[in-house]
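Structural description and commentary
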Amino acid sequence: MYEKVLKNAAVYVDGQLVSTELAIDSQKIAAIGNNLAGKESIDLKGCWVLPGAIDAHTHFSLPFAQSISADDFFSGSLAGAAGGVTSFIDFTAQQGNEGVIDSLERRINQAKDLAAIDYSFHACIGKYSEAVAEQLPQLYEHGINSLKIFMAYGKTGLMQDDAGLLKILTACQKHKITVLVHAENGVIIDDLSAEAIKNGQTGIEQLSVTRPVHTEVEAIRRLAYFSRLTGCNVYVVHVSSSEGALEIAKARVEGAPITGETCPQYLYLDSNLLNGPKGHYYSCCPPIRCAASKERLWSHVSKVLPVIATDHCPFIKKDKDTWNGSIFNLPMGLPGIETLPSLVLNGHLQGKISLKAAVDVITCNPAKIYGMYPQKGTLLPGTDADIMVFDPEKETIISSDMLNMAVDYSPYEGLNCKGWNIMTFLRGEIIYSAKSGWKGKKGGGVMIKRTAPYQGLFSSSDLS
Ligand code: URP
Ligand code: ZN
Ligand code: ZN
C-alpha cells in the first residue's frame, strides 16, 4: 500500500496527458498505473498532474540601486509553491573581490533556513580574474554546473569586456561549466545613456532608447561567435526580442552550443505599458519590447528557447518610486515566480504553444540543462515527487491581492488566465493547496546537487 495515490486526474507522461493514477512513497514517485492502493487517496478530478515547475532564474534579496528585491528566500519560495514551482535557481552575486566559493557559501547560508522549496545557485561573477579561473574546478564539487556573467551594467563594474568574455568561455569549456550571459552591448548602452543624460532626457521612454533591440542582437551575435570558437555551452538569460532569439537559432545551426530562455514579461507585456502613468513599474533590463516582437517571440519558445524562467526581481512601488523621474536611479526587475506556471500554461490554453512545449520549458528542459534531470522535472517512478496539480478550468483574473509575493502590484493585473495551480507537492508532501493554503515549512527546501548538462538542448538537432 502506497502512502498517497492521486486519482481521477490526467497525468503528464511522455509528453502527454494520460488518464491514470500516480502513487507516492518515501518522497518519491512510486508508480504510475491503474488501480493503485494508497493509505491516502486524493481525488483530483478534472485536474492535470504535472511535474513541479523549476524557476531557473530568480533574484531573492538582491541589492539594486539603493533598494533590495522584495522577496527573500522564504517569501519568494512560498509564493513559488503557491504557483506550482517546486525548485528555483538563484545567483551567488559576488561582492567585490569575494571568492567564487565564498560567495556561494554566503548565499547558501542565507537560503538554508528560509527556502521552502528545493534550490540551487548559479555562480555569478563580476570581472574575470585568475582567482576566479582557479576556483572554477571546485564548482562541480559543490553541485554547481553554471556560471553567470554580464555583457552590460558597466557602471556597477559587472560588465565583462571581450577579452574577459573569451577567457571565461575558454576556461568554462575546459571545466564543462555552462555560462549564463546577460547579453546586451553595455558599451553602446553606456554611450546612449551618457547622451540621454547630457540632453536631460531621463524619463521612462529612455529605457527603450538607451537599450534598443540591436544592443541585444549584437551582444548575442558576438557571444555566439565566442561560443562556437571555444565550444563552451552558453545560455542567454532573459532574451527579450524575437530578433535576439533568431541570432541564437542561426548560431546553433552553425554549430555554436548556445541556447537560452525568455521570460513571461517579454511574452505578455509590451512597451506601450512604459508610456502609461506608472510606466516605471514595468521597468526591467532588457526592457519589454514592442507588441509585434512580443507576438513573434512565442514562435521561438521551446525549440530555440527551451526554457521560460522569470528573472524574478520584484521591487515594491515605494522602491520603484525612488527613481524620481530618472531611469538611471530605477531598481530594475519584475515579480514573476508565482505566476510562472499559470502564464506559461495559459499560453498553451490560448493556442500559442503546444502542451508539451508549455510543460517542458518549465520542467524537464531547465532540469536537463542545469543537471537536475531526472531527479527533478519529470514524473517517472524513482524521481522526486515534486508535483503541480493544475486545474485548466480555474479561470483566474490576476491581481496582486491574490498573490503571495512580497510586492504590492502585479505587472499582469487584470489579465485573465485560463487555468491555475491548485495543489503543490514537494518530495511527496503537500506544501500548498488552494483549499488550505500554505502547509510547507520555512527552511524545508534542500539544496540540489547538480551534475553535467544534457547536451541535446545546446545542439541544432533539437531545433527542427
Ligand atoms: O531588470 C532585471 N532583469 N533585473 C534583475 C537583474 C538582471 O539583469 O537579471
Ligand atoms: Zn540580467
Ligand atoms: Zn536576472
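Right, let's walk through the structure included here. (Residues numbered from 1 in each chain as written. Chains lettered and ligands numbered in written order. Predicted model: local features only at pLDDT ≥ 70, side-chain atom pairs only at ≥ 80, totals over all residues. Heavy atoms only, no water.)

**Regarding the sheet that holds strand 1 (residues 2-7)**
- If you walk across this open sheet you meet the four strands as 5-4-1-6, and the pairing is mixed. Both outer strands of the open sheet, strand 5 (28-33) and strand 6 (38-43), are each paired with one neighbouring strand and no more. Each strand of the sheet is rotated relative to its neighbour by a mean of 25 degrees, with strand direction disregarded.
- Pairing geometry for strand 4 (residues 21-25) and strand 5, over five bridges, is antiparallel. Within strand 5, the position partnered with I24 by the bridge is I29. (Pairing = 2+ DSSP bridges. Helix = DSSP H or I, 4+ residues; strand = E, 2+ residues; numbered from the N terminus. Axes fitted to C-alpha atoms, helices over the stretch in contact; angles between N-to-C directions.)

**Some thoughts on the coordination of the zinc ion (ligand 2)**
- Here the zinc ion (ligand 2) is held by the protein donor atoms H182 (ND1) and H238 (NE2), which lie 2.1 Å from it.
- Seen from the zinc ion (ligand 2), its four donor atoms lie at angles of 56 to 152 degrees, and the figure they make is irregular.
- The two metals, the zinc ion (ligand 2) and the zinc ion (ligand 3), are separated by 3.8 Å. Of this pair, H182 sits in strand 14 (residues 178-182) while H238 is found in the loop between strand 15 (234-236) and helix 9 (242-253), placing the two residues 56 residues apart along the sequence. For the pair shown, H182 and H238 are each scored as buried. (Donors = N, O, S within 2.8 Å, 3.2 Å for Na, K, Ca; no water. Tetrahedral: all angles 85-135°; square planar, octahedral: opposite > 155°, others 65-115°. Buried < 20%, exposed > 50% of the residue type's maximum accessible area, 1.4 Å probe, protein only.)

**A short note on the side chain of D71**
- Here D71 lies in the loop between strand 10 (67-68) and helix 1 (73-83).
- Of the side chains with opposite charge, R107 comes closest to the buried, unpaired D71, at an N-O distance of 12 Å.
- Among the polar contacts made by the side chain of D71, one reaches the side chain of H312 at a distance of 2.9 Å.
- In this structure D71 touches F60, S61, G76, H312, P314, M405 and A406, once residues within four positions along its chain are discounted. (Lys, Arg positive; Asp, Glu negative; His and termini not counted. Salt bridge = Lys/Arg side-chain N within 4 Å of Asp/Glu carboxyl O. Polar contact = N/O pair within 3.5 Å; in protein donor to acceptor, adjacent residues only side chain to side chain. Contact = heavy atoms within 4.5 Å.)

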